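Listed below, chain by chain, are the residues.
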Amino acid sequence: DTFDLVIPLPLTGKPAKFGEIMKRSYEIAAEEINAKGGVKGRKIALSFEDSNGKPETARAIVEKLIDSKKQPIIVGEYTSACAKAVAAVAEERKTPYLVVASADDDITQKNYKYVFRQNQVNEHYGDAVVDFLQNVVKPRSIAILYESSAFGTSGADAMERDAKKLGIQVALKEKFETGAIDFKPLLSKVKAAQPDVIYTVAYANEAQLIMKQAKELRIDAKLYAGGAAGFAIPEFIKGAQDAAEYVVSATLWTPQLAYPGAKGF
């Protein structure tokens, strides 16, 4: 007897790299739980459905899981936009939904009774970076660049609030479209503003391209910083190459954490 759990994830499309990371994590967890006898004697049988990172697809998958398959709990999704769509369905259907990665604060600020979250929200994503700015870099000005997703927007807004609390002037706050390739017009504005810090919230491809093009334009700053996501995966270093040097990033997890199992994971 098994407990069948279908998980919606972006396994194709722009967020697929993050979907694959999450898929491996779920598989590790299921293996560990099953090795200990499962849940109340039932082994977990995982399967995955590809949302392609599209909220309407994520919503349709979860409606089917609840209405047809009678799945009693929902986990999964990566982008905040998809998580918002899933959360709305879960609340309508009175089915618990555990958010595990999506960071937009708004997801859990709707007084939902069936939506829960285990990860840090965007309001606190950059706390370590903010502490580093305050105590080490001590900048006078910051430029904030962000992609026009729910995650990007809320992350940029959070950094703007933190900068103002610290008395750091927000010299520039500009968004760009997901999938953009040419960032030089935007980066030329940054160069003209001459900020001490350049903080960017972006997914994988955009994070790499922004850093490579900033290097080409020879934009000097005391610090380049990322708001996790595209800056916090090994592919960033491979893709940005020498333009990744001296870039710091917020991140949800690191092997140096002093939690049992963190390094092994």
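Use the structure listed above.
Conventions adopted
Residues numbered from 1 in each chain as written. Predicted model: local features only at pLDDT ≥ 70, side-chain atom pairs only at ≥ 80, totals over all residues. Heavy atoms only, no water. Helix = DSSP H or I, 4+ residues; strand = E, 2+ residues; numbered from the N terminus. Rg over C-alpha atoms; globule rule 2.2 N^0.38 Å. Areas by Shrake-Rupley, 256 points an atom, 1.4 Å probe, with all protein chains shown as cover. Expected span 1.5 Å × (residues − 1). Buried < 20%, exposed > 50% of the residue type's maximum accessible area, 1.4 Å probe, protein only. Contact = heavy atoms within 4.5 Å. Polar contact = N/O pair within 3.5 Å; in protein donor to acceptor, adjacent residues only side chain to side chain. Core = buried A, V, L, I, M, F, W, Y, C linked by side-chain atoms within 4.5 Å. Pairing = 2+ DSSP bridges. Phe/Tyr/Trp six-rings, centres within 6.5 Å; stacked < 30°, edge-to-face > 60°.

*Asks:* I tried to follow the overall build of the protein on my own but got confused; where do I start?
*Replies:* Tallying secondary structure elements over the protein gives nine helices and ten strands in all. Its C-alpha atoms give the protein a radius of gyration of 20 Å, near enough to 18 Å, the size a compact globule of 265 residues would have. Its C-alpha atoms put the protein at 65 × 35 × 35 Å along the principal axes. In the form shown here, the protein has an accessible surface area of approximately 13500 Å², with 51% of it arising from carbon and sulfur atoms.

*Asks:* Help me understand helix H3 (residues 80-92), please; the structure alone is not making it clear to me.
*Replies:* Since one α-helical turn is 3.6 residues long, residues separated by three or four positions face the same way. An ideal rise of 1.5 Å per residue puts 18 Å on 13 residues; H3 measures up with 18 Å between its terminal C-alpha atoms. Counting buried positions along H3 gives ten out of 13 residues, so the element sits mostly inside the fold. Along H3, the residues classified as buried are Ser80, Cys82, Ala83, Ala85, Val86, Ala87, Ala88, Val89, Ala90 and Glu91. On its buried face, H3 sits against helix H2 (55-67), strand E3 (74-75), strand E4 (97-99), strand E5 (115-117) and helix H6 (150-165).

*Asks:* What is the right way to look at the environment of Thr12 in this model?
*Replies:* As for its placement among the helices and strands, Thr12 is situated in the loop between strand E1 (2-9) and helix H1 (16-35). Each C-alpha atom, one on Thr12 and one on Val100, is 19 Å from the other, the two residues being 88 residues apart in sequence. Side-chain polar atoms of Thr12 contact the side chain of Asp50, separated by 2.5 Å. At a separation of 2.8 Å, a polar atom in the side chain of Thr12 contacts the side chain of Asn52.

*Asks:* Sorry if this is basic, but what is going on with the nonpolar core here?
*Replies:* Generally speaking, soluble globular proteins have nonpolar side chains that are buried together. Core analysis: the largest hydrophobic core is formed by 40 residues, its most contacted members being Tyr26, Leu133, Ile142, Met159 and Tyr199. Secondary-structure elements contributing two or more residues to this core are E1, H1, strand E2 (43-50), helix H5 (127-137), strand E6 (141-147), H6, strand E8 (197-201) and strand E9 (223-226). Not counting chain neighbours up to four residues away, the residues in contact with Met159 comprise Val129, Val130, Leu133, Ile142, Ile144 and Tyr199. Core analysis: the second largest hydrophobic core is formed by 22 residues, Ala143, Leu145, Phe183 and Ala202 among them.

*Asks:* Please clarify how the sheet that holds E5 should be interpreted in this entry.
*Replies:* Backbone hydrogen bonds hold the strands of a sheet together, and the pairing may be parallel or antiparallel. Pairing is parallel across the open sheet formed by three strands, whose spatial order is E3-E4-E5. Across the chains shown, the open sheet's two edge strands, defined by having one partner strand only, are E3 and E5. Sheet analysis places E4 next to E5, joined by three bridges and oriented parallel. By the bridge assignment, Leu98 is partnered in E5 with Phe116.

*Asks:* How do you make sense of the packing of aromatic side chains when you look at a structure like this?
*Replies:* Each aromatic ring pair is summarised here by two numbers: the centre-to-centre distance and the angle between the ring planes. Taken as a whole, this structure holds seven aromatic pairs when the rule is applied. Ring plane angle 90° and centroid distance 5.1 Å describe the contact between Phe176 and Phe183, whose orientation is recorded as edge-to-face. For the pair Phe176 and Phe183, a shared accessibility class is recorded, and that class is buried. Seen in terms of ring centroids, Phe231 and Phe236 are 5.0 Å apart; in terms of plane orientation they differ by 50°. Their pairing is tilted. The pair formed by Phe231 and Phe236 is uniform in burial state, with each residue classed as buried. Joined through ring pairs, the aromatic side chains of Phe18, Tyr78, Tyr125, Phe151 and Tyr203 make up one cluster.

*Asks:* Explain the pairing of strand E7 (residues 169-176) to me, please; I cannot follow it from the model alone.
*Replies:* Each regular strand carries side chains that alternate between the two faces of the sheet. As paired strands, E6 and E7 are joined by seven bridges and run parallel to one another. Within the sheet, the bridge partner assigned to Ala143 lies in E7 and is Leu172.

*Asks:* Would you take a moment to explain the side chain of Gln208 for this structure?
*Replies:* Relative to the assigned elements, Gln208 resides in helix H8 (residues 204-216). Given a relative accessible area of 15%, Gln208 falls into the buried group. There is a polar contact of 3.3 Å between the side chain of Gln208 and the backbone oxygen of Glu235. Apart from the residues within four sequence positions on either side, Gln208 is in contact with Glu235, Phe236, Gly239 and Ala240.

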